[in-house]
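Listed below, chain by chain, are the residues.
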Amino acid sequence: MTSLIRLSALYRIIRGMEKDLCLDQLSHSERVVLMSVVNLADASGQAKTDAIIDDCKEDGLSRPTVFRCLKMLTKTGKLHNDQFGYYKPAL
Amino acid sequence: MDFSITMADKNVSLIELMILFLAYLVTFAIVWFGVKPLQASIFPGLGILSLAFIPHGVRVLGTWLYREKAILPLILAELFCSAAVTSNLQSMSDLTSHAISAMVGGGCAYAVLVLFETANIRLDFRTHSIRLWRPLVLVGLMSSVLNSIGKSLAFTNQILPEDGLKTLIGFIAGDTIGVMLCLGLLLLISRKIHLTK
């Protein structure tokens, strides 16, 4: 148990640094979706919605959650989308 | 509740202390094979100084987590690293210098933590704010002062008197930058694990 407490102490330090460096602005789900888009992006840098949903399902995210995250990431300018259901990272 | 003490009162497994020992060796290897050649090409003539001594971060974090139980693995790790990279450990005085240096290195962070507790400053992660990494950098800075003084005394025969202050400042800067780099590495590893999971 104490090993777990030590690990939790280290994690708290990391969280503090993430907060100070503004790296904690994304929720866990949003991070998973963003990374999924980055990983699935093809040669043109785009990823299809269905593929993103399938990929995120492996991380336990439901279809509505993925859509909500995609919407939020697009709204905050981290992703771009088109009318054909393709997403690409804005970075 | 003073969590920083109760943490150390509980059993610390040998594996955890071995991980600490290995963490020191790995970060030392990063410094020796990565940072040192790089700094030699940018700032030649720094000699034994390292401008980013990441193992000092391991010392600080390890001592914060394991308290006095971290001292022995840290001393052994530093001795092991010294023996591995020093080719002229011939005389008894060389051995003594390295032993003193390792003991100062292993105990400096603990000494600062005890000093903090004497001043009633508790670095308890349960009651402290989430930004606990900042006081830990301060612990790193203060312990690097102790460590630098100790190392300067231990290697007094290898440091020219006119370079004494320069070396002392170099040690302090290297250790403090090392603590920050160590925390940065921890952050990078954590994010890598989370994002690729």
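The rules we used
- Residues numbered from 1 in each chain as written.
- Chains lettered and ligands numbered in written order.
- Predicted model: local features only at pLDDT ≥ 70, side-chain atom pairs only at ≥ 80, totals over all residues.
- Heavy atoms only, no water.
- 1 Å grid on protein atoms, 1.4 Å probe; cavity = no way out; pocket = protein on both sides within 12 Å on 5 of 7 lines; lining within 4 Å.
- Points joined across faces, edges and corners; volume = space filled by probe spheres on them.
- Helix = DSSP H or I, 4+ residues; strand = E, 2+ residues; numbered from the N terminus.
- Nonpolar A, V, L, I, M, F, W, Y, C, P; charged D, E, K, R; others polar.
- Pairing = 2+ DSSP bridges.
- Patch = residues over 30% accessible without salt bridge, like charges linked within 9 Å, V, L, I, M, F, W, Y side chains within 5 Å.
- Areas by Shrake-Rupley, 256 points an atom, 1.4 Å probe, with all protein chains shown as cover.
- Salt bridge = Lys/Arg side-chain N within 4 Å of Asp/Glu carboxyl O.
- Lys, Arg positive; Asp, Glu negative; His and termini not counted.
- Charge placed at Lys NZ, Arg CZ, Asp CG, Glu CD.
- Buried < 20%, exposed > 50% of the residue type's maximum accessible area, 1.4 Å probe, protein only.

Colleague: Help me understand the layout of surface pockets, please; the structure alone is not making it clear to me.
Modeller: Sizing a probe to match a water molecule and rolling it over the atoms shows the empty space that remains. Space inside the largest pocket adds up to approximately 710 Å³. Forming the boundary of the largest pocket are 25 residues, of which L7 and L10 of chain A together with I19, L61 and L186 of chain B lie nearest the centre. Broken down by secondary-structure element, the contributors of at least two residues to the lining of the largest pocket are α1 (2-20) of chain A together with α2 (14-42), α3 (55-66) and α7 (164-196) of chain B. Each residue belonging to the lining of the largest pocket can be placed in one class, and the counts come to 18 nonpolar, five polar and two charged. Looking at the second largest pocket, its volume works out to about 580 Å³.

Colleague: Sorry if this is basic, but what is going on with the sheet that holds strand β2 (residues 79-81) of chain A here?
Modeller: Note on sheets: strands pair through backbone hydrogen bonds, and any given pair is parallel or antiparallel. All names here are of chain A. Across the sheet, which stays open at both edges, the three strands sit in the order β1-β3-β2 with antiparallel pairing between neighbours. Either end of the sheet is taken by a strand with one partner, and the two such strands are β1 (47-48) and β2. Pairing geometry for β2 and strand β3 (residues 86-89), over three bridges, is antiparallel. Residue pairing for β3: H80 is matched across the bridge by K88.

Colleague: Explanation requested: a negative patch on the surface in the structure shown.
Modeller: Taken together, D50, D54, E58 and D59 of chain A make up a surface patch of like negative charges. Relative to the helices and strands, E58 of chain A resides in the loop between α3 (49-57) and α4 (63-75).

Colleague: What should I look at first to understand the pattern of salt bridges in this one?
Modeller: Oppositely charged side chains are able to pair whenever their charged atoms sit close together. The tally for this structure, following the rule as stated, stands at five salt bridges over all chains. Among the salt bridges present, the one from E16 of chain B reaches R6 of chain A, with a minimum N-O distance of 2.9 Å. Here E16 of chain B, found in helix α2, pairs with R6 of chain A, found in helix α1, and the two come from separate chains. There is no split in this pair, since E16 of chain B and R6 of chain A are both buried. Here R134 of chain B and D20 of chain A are joined by a salt bridge, their closest N and O atoms 3.0 Å apart. Of the two residues, R134 of chain B is situated in helix α6 (residues 133-154) and D20 of chain A in helix α1; the pairing between them involves two chains. Through salt bridges that share partners, R59, E78 and K151 of chain B make up one connected network.

Function-wise, these values are silent; they only describe arrangement.
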